[in-house]
Amino acid sequence: GAAVSPRVRSAAMAHSARRDAPELPDFSLLKRLARDQLIYLLEQLPGKKDLFIEADLMSPLDRIANVTMLKQHDVDKLYKVENMPIFSTCDQICFLIRPRIQTVKWIADTVNADKAAGKFRKYKIIFTPQKFYACETVLEEQGIYGDVSTDEWAFYLLPLDDDIISLELPEFFRDNFLEGDQRWVTTGGSALHLLHSLFGPFSKVYGIGRCAKMVYESWREQVEESEQKAQKSEIGNVFLIDRDVDFVTPLCSQVVYEGLVDDIFRIKCGCVEFGPDVTTADKSMKVMLNSQDKVFSEIRNEHFSNVFGFLSQKARNLQTAYDKRRGMDIKQMRTFVSEELKGLKQEHRLLSLHIGASESMMKKKTKQDFQELLKTEHSLLEGFDIRECITYIEEHINRQVSMIDSLRLLCLLSLTENGLLPKDYRSLKTQYLQSYGIEHLLTFANLRQLGLLVEQQPGDALTAMESKVGKLVNDKTAEKLTGAFSSLAKKSNFRALSKKLALVLERDGWTGLEEVTRMLNGNEFVVTASHSGADARFKTDSQRIILVMFLGGCSYSEISALRFLGREKGYKFIVLTTAIINSARLMEAMLDNH
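Here the structure is a predicted model, which is why all the values come from computation and not from measurement. (Residues numbered from 1 in each chain as written. Predicted model: local features only at pLDDT ≥ 70, side-chain atom pairs only at ≥ 80, totals over all residues. Heavy atoms only, no water.)

**Q** What exactly am I supposed to notice about the overall build of the protein here?
**A** Summing up its helical and strand segments, the protein has 27 helices and 14 strands in all. Out of the 594 residues in the protein, the part that is buried amounts to 50%. Restricting the contact set of the protein to residue pairs at least 6 apart, pairs at least 24 apart contribute 79%. For the protein, the accessible area works out to roughly 29400 Å², and carbon and sulfur atoms hold 54% of it. (Helix = DSSP H or I, 4+ residues; strand = E, 2+ residues; numbered from the N terminus. Buried < 20%, exposed > 50% of the residue type's maximum accessible area, 1.4 Å probe, protein only. Contact = heavy atoms within 4.5 Å. Areas by Shrake-Rupley, 256 points an atom, 1.4 Å probe, with all protein chains shown as cover.)

The following block contains the structure:
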């Protein structure tokens, strides 16, 4: 969506004389470490055992250890954790779970039911990525602390691709930003610490946001407690960014191929399920989407409108390669079959898959009148025709197009307009509740609390005045004043920011961006490690590798924008995120069904 405007893009293209970007570190090491530790933990319970796995750990676990490997380590049957009585006949049971109180309560019920029935077995709970004190308290309260053994599987980081690492913690966003529950901060710190110990030392860390600051501090504490072995750094710079610094970008419709696939089919753990309409077979098919797929890696960051042309060109090239066989003698034929045919067949399969996916998405989007939707979003971002946009949103709500999409458009309107006029707020909220149900009342409270959907307060005219006053008073007082204002109300300064940021080029910190960071509600920091002096002069490879950690999730469009920036500037970005989000997942986290 709002990532890179065409104007910026063409300007950037102009000076693309750059060194080749450095190689990315090899993150498959993270998988090996996680696998080894899991096997070690399973072996702590020798002999046959049944394994109960929390539903949303199924996909991540699948990327680390397959069923065959689990069976080699005496796992007999695999079950999904469901909140109901269990029917395992095994006398050893292992639970692999996230540190959630309701799951621990269910385990306690299970153990107590066994006791009551005179069944005696061995129980082991493996918390991942760590256990929380609150979970142990539940075990004590339920009187089973002595009956179970507990362990931690420090599986913090799942590499989804060469340049994407995920904590796979979608609840991080709601827990931290809405509930104000900071228990995941140490998790973020530990994840950073793991990367630092394997691929560091980092020479510079930049951060913006409250959570970023706390994660940074948690990480520093862990670094001070541990020995950093001297090693050649592979990651030089780190950015920590709170999700609430920018809600506009992830709330826009995605228009790059990978983002669109996620919006329409939902990519889960780097894997997508394509239905028969895509595969042209009679059954669905699970497909891994990453850089190993040579067709996908060429279209993933492309604007959707360019994808068809690209794929049909590819198909023509493929045909030409097949046609080469025509005039061949036996010897050439043999070479062709042994060296090229397999690759061509693989490419053929992938091509037809992505052409199928593009056609299917095209059909769905035409049906939804995607162009009209994008036009509205564009107007909101630019500040044009706001009354027309409101009419569009009202129709969207009254036709009950989609509960989630209507909500997202309301939030975009509020964020870009710096809040709604009270009469608009009341009228739109009433229409929404009448159309989608009064039970969404609490959702509106959640959105207000996060500053996603708010009504303008009488004092909002202050912002214009504030900046005038700011120039008159000396800076320190102005800082204090504006600090007080910005902490009073979480408000979006989207338009003012987008104007300012169009002027921002390369800098060595937040200096000169004070006004920008103030509009983003501040908490910015930059820390240089003591040993980096020598490095900074020779832009070594690691200096051009930049880790960006999103606290609260990021979207595929944002990842595409970073890849684009990297190609332009000769950097490589690694995205570390608490989860992959899109507008729907962001809105679902706000619904009050928790």
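**Q** Would you take a moment to explain the pairing of strand S3 (residues 92-97) for this structure?
**A** Every other side chain in a regular strand lies on the same face of the sheet, so the side chains alternate between the two faces. Burial within S3 is extensive, with six of its six residues counted as buried. Here S3 shows two buried faces, one formed by Gln92, Cys94 and Leu96 and the other by Ile93, Phe95 and Ile97. Relative to S3, strand S1 (residues 49-53) is paired through four bridges, and the arrangement is parallel. Bridging from a neighbouring strand, Phe52 pairs with Phe95 of S3. Bridge count between S3 and strand S4 (residues 122-127): six bridges; the pairing is parallel. Within the sheet, the bridge partner assigned to Cys94 lies in S4 and is Lys124. At this point the chain moves from S3, through helix H5 (residues 101-116), to the parallel S4, and the crossover so formed is right-handed. (Pairing = 2+ DSSP bridges. Right-handed = clockwise from strand over helix to strand, strands pointing away.)

**Q** Any chance you could explain the side chain of Thr376 here in plain terms?
**A** Structurally, Thr376 is set in helix H16 (residues 370-382). A relative accessible area of 6% places Thr376 in the buried class. Residues in contact with Thr376, not counting those within four places in the same chain, are Cys389 and Tyr392.

**Q** Would you mind showing me how to read the environment of Asp244 here?
**A** Relative to the helices and strands, Asp244 resides in the loop between strand S9 (237-242) and helix H10 (248-251). The exposure class assigned to Asp244 is partly exposed, which follows from its relative accessible area of 25%. For the pair Asp244 and Phe173, spaced 71 residues apart in sequence, the C-alpha separation works out to 9.3 Å.

**Q** Whenever I open this one, unusual backbone geometry confuses me. Can you help?
**A** Of all residues except glycine, most have a negative phi; of all peptide bonds, most are trans. The omega angle of the peptide bond from Thr128 to Pro129 is 0°, so this bond is cis rather than trans. The topology assignment puts Pro129 in the loop between S4 and helix H6 (133-141). Between Gly200 and the following residue, Pro201, the backbone shows a cis peptide bond with an omega angle of -5°. Note on placement: Pro201 falls in the loop between helix H8 (184-199) and strand S8 (204-208). Despite not being glycine, Thr280 shows a phi value in the positive range, around 50°. Among the structural elements, Thr280 can be located in the loop between helix H12 (276-279) and strand S11 (285-288). Located in the positive-phi region is Asn418, a residue other than glycine, with phi close to 60°. Tracing the sequence through the fold places Asn418 in the loop between helix H18 (403-416) and helix H19 (422-436).

**Q** Help me understand helix H26 (residues 556-569), please; the structure alone is not making it clear to me.
**A** Since there are 3.6 residues in each turn of an α-helix, residues three or four apart along the chain are aligned in direction. Over its 14 residues, H26 runs 20 Å from end to end, which matches the ideal 20 Å to within 8%, given 1.5 Å per residue. The element H26 is extensively covered by neighbouring structure, given that eleven of its 14 residues are classed as buried. Buried within H26 are the following residues: Tyr556, Ser557, Glu558, Ile559, Ser560, Ala561, Leu562, Arg563, Phe564, Gly566 and Glu568. Trailing H26 by a residue or two, Gly570 shows a phi angle of about 75°, which is positive. (Expected span 1.5 Å × (residues − 1).)

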